[in-house]
Amino acid sequence: MKNNTITKLFGRVIRWVDYSSPRKTGLALGGGAVLGAAHIGVLKALEEYEIPIDFIAGTSIGSVIAAFYAFGYSPYEIEEIVLDLDWLDISKLALSKYGILSNKGLGDLIKVELGDVCFNESKIPLAVVATDIYKGEKVVLREGKVIQALMASTSIPGVFEPVLVNDDLLVDGGLVENVPASAVREMGANYVIGVDLTSTHLQTKPENILGVMLNAFDIALKYQTKRQMSDSNILLKLDLSDFSLIDTSQTPRLIEQGYQDASNKFQKELRRTLSSS
């Protein structure tokens, strides 16, 4: 990985609108099931280019990676956790009419790693996007218990049972805002880096009911994200066309792909900025 004056310069460019008006940079991490491992590579590139993050928000798997980063985990520490994960680690059979599975295992993992933390304890201000399945509205969670929020944001409808938060029945936030750029703007960011995992992803033939549901959800995310692309100053559309939504054995390659795509994008943005200055 690079570590030179050019990469450091881009971090300073991102940091300032001009020399008297500091930027407040928000990072919006999108959903995409197992593809979310690519976010770790993006975080590695952000740190290499010394791009500071003032606010962070996530949807679905993006909310999980965002939470670890917000509470001070380095990209390499997050990588160690994710490399050991399998679907069975976060999924349990649900005795519920609302979903096939429960993601209580995810809540258990968060509790072991972070503890039963609240949003106001994070080092970087954090927001988690979920969907109220009864009202059909976006819910941005910034207060209360982080575990409940993450479980709600990652509850793919029909696959995982909804999560009750503050008397609201919540499911995956990708239904309403898959790349949560507006969430970090509402927190105070005036410059947004969005990370899209799904727009270049190609569906594969489903082998079971879980594959059918995930493909259907992935298609919905693509169309939702297309309408939100203009909300980000820099949109990282990661090239994840060769990856599966459910195969955790591809995690190392996903992390590397996220790093390479982010680095290439930052280099192009730096050249463009310097040529126009």
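Up top is the structure.
Residues numbered from 1 in each chain as written. Predicted model: local features only at pLDDT ≥ 70, side-chain atom pairs only at ≥ 80, totals over all residues. Heavy atoms only, no water.

Q: Describe the overall build of the chain, listing the residues and the values that go with them.
A: Check the secondary structure of the chain and you find 10 helices and 11 strands. Residues classed as buried in the chain amount to 54% of the 277 residues present. For the chain, the share of sequence-separated contacts (at least 6 apart) that also reach a separation of at least 24 residues comes to 75%. Total accessible area on the chain stands at roughly 12,600 Å², and carbon and sulfur atoms take up 52% of it. (Helix = DSSP H or I, 4+ residues; strand = E, 2+ residues; numbered from the N terminus. Buried < 20%, exposed > 50% of the residue type's maximum accessible area, 1.4 Å probe, protein only. Contact = heavy atoms within 4.5 Å. Areas by Shrake-Rupley, 256 points an atom, 1.4 Å probe, with all protein chains shown as cover.)

Q: Residues and numbers for the environment of Gly115, please.
A: For Gly115, the position within the fold is in the loop between α6 (104–114) and β5 (126–132). On the accessibility criterion, Gly115 (21% relative accessible area) is partly exposed. As for Gly115 and Val146, which are separated by 31 residues in sequence, their C-alpha atoms are 9.5 Å apart. With residues up to four places along the chain from it excluded, the contact list for Gly115 reads Ile110 and Ile147.

Q: Kindly report on the nonpolar core, identifying the contributing residues and their values.
A: Counting 65 residues, the largest nonpolar core has Leu27, Leu46, Ile56, Ile78, Leu126, Leu141 and Leu236 as its most contacted members. With seven residues, helix α3 (residues 61–70) is the largest single contributor of residues to this core. Setting aside chain neighbours within four positions, we find Leu126 in contact with Ile56, Ala66, Ala67, Ala70, Phe71, Phe119, Leu141, Arg142 and Met187. The next biggest cluster of nonpolar side chains, apart from the first, holds 10 residues, and it includes Ala181, Val184, Ala189 and Val192. (Core = buried A, V, L, I, M, F, W, Y, C linked by side-chain atoms within 4.5 Å.)

Q: Account for the packing of aromatic side chains, with residues named and values stated.
A: For the coordinates displayed, the defined rule picks out two aromatic pairs. Here the aromatic rings of Tyr49 and Phe266 are separated by 5.5 Å at their centres, their planes lie at 65 degrees, and the arrangement is edge-to-face. With Tyr49 in the loop between α2 (38–48) and β2 (55–59) and Phe266 in helix α10 (residues 251–276), this residue pair connects regions lying 217 residues apart in the sequence. For the pair formed by Tyr49 and Phe266, the shared burial category is buried. (Phe/Tyr/Trp six-rings, centres within 6.5 Å; stacked < 30°, edge-to-face > 60°.)

Q: An account of α3 is requested, with residue identities and associated values reported.
A: For α3, the tally of buried residues reaches nine of 10 residues, placing the bulk of the element in the interior. Along α3, the residues that are buried comprise Gly62, Ser63, Val64, Ile65, Ala66, Ala67, Phe68, Tyr69 and Ala70. Looking at the residues trailing α3, positive phi occurs at Gly72, about 100 degrees.

Q: So what's going on with the pattern of salt bridges? Which residues, and what values?
A: All chains considered together, the criterion is met by six salt bridges. Lys138 serves as the salt-bridge partner of Glu177, at 2.9 Å between the closest nitrogen and oxygen. Taken as a pair, Glu177 in the loop between β9 (168–172) and α8 (181–187) and Lys138 in strand β6 (residues 137–141) lie far apart in primary sequence, 39 residues in all. Classification of Glu177 by relative accessible area gives buried; the value is 3%. Among the salt bridges present, the one from Lys265 reaches Glu269, with a minimum N-O distance of 3.8 Å. Taken together, the positions of Lys265 and Glu269, both in helix α10 and four residues apart, correspond to about one turn of that helix. Exposure remark for Glu269: the relative accessible area of 11% places this residue in the buried category. (Salt bridge = Lys/Arg side-chain N within 4 Å of Asp/Glu carboxyl O.)

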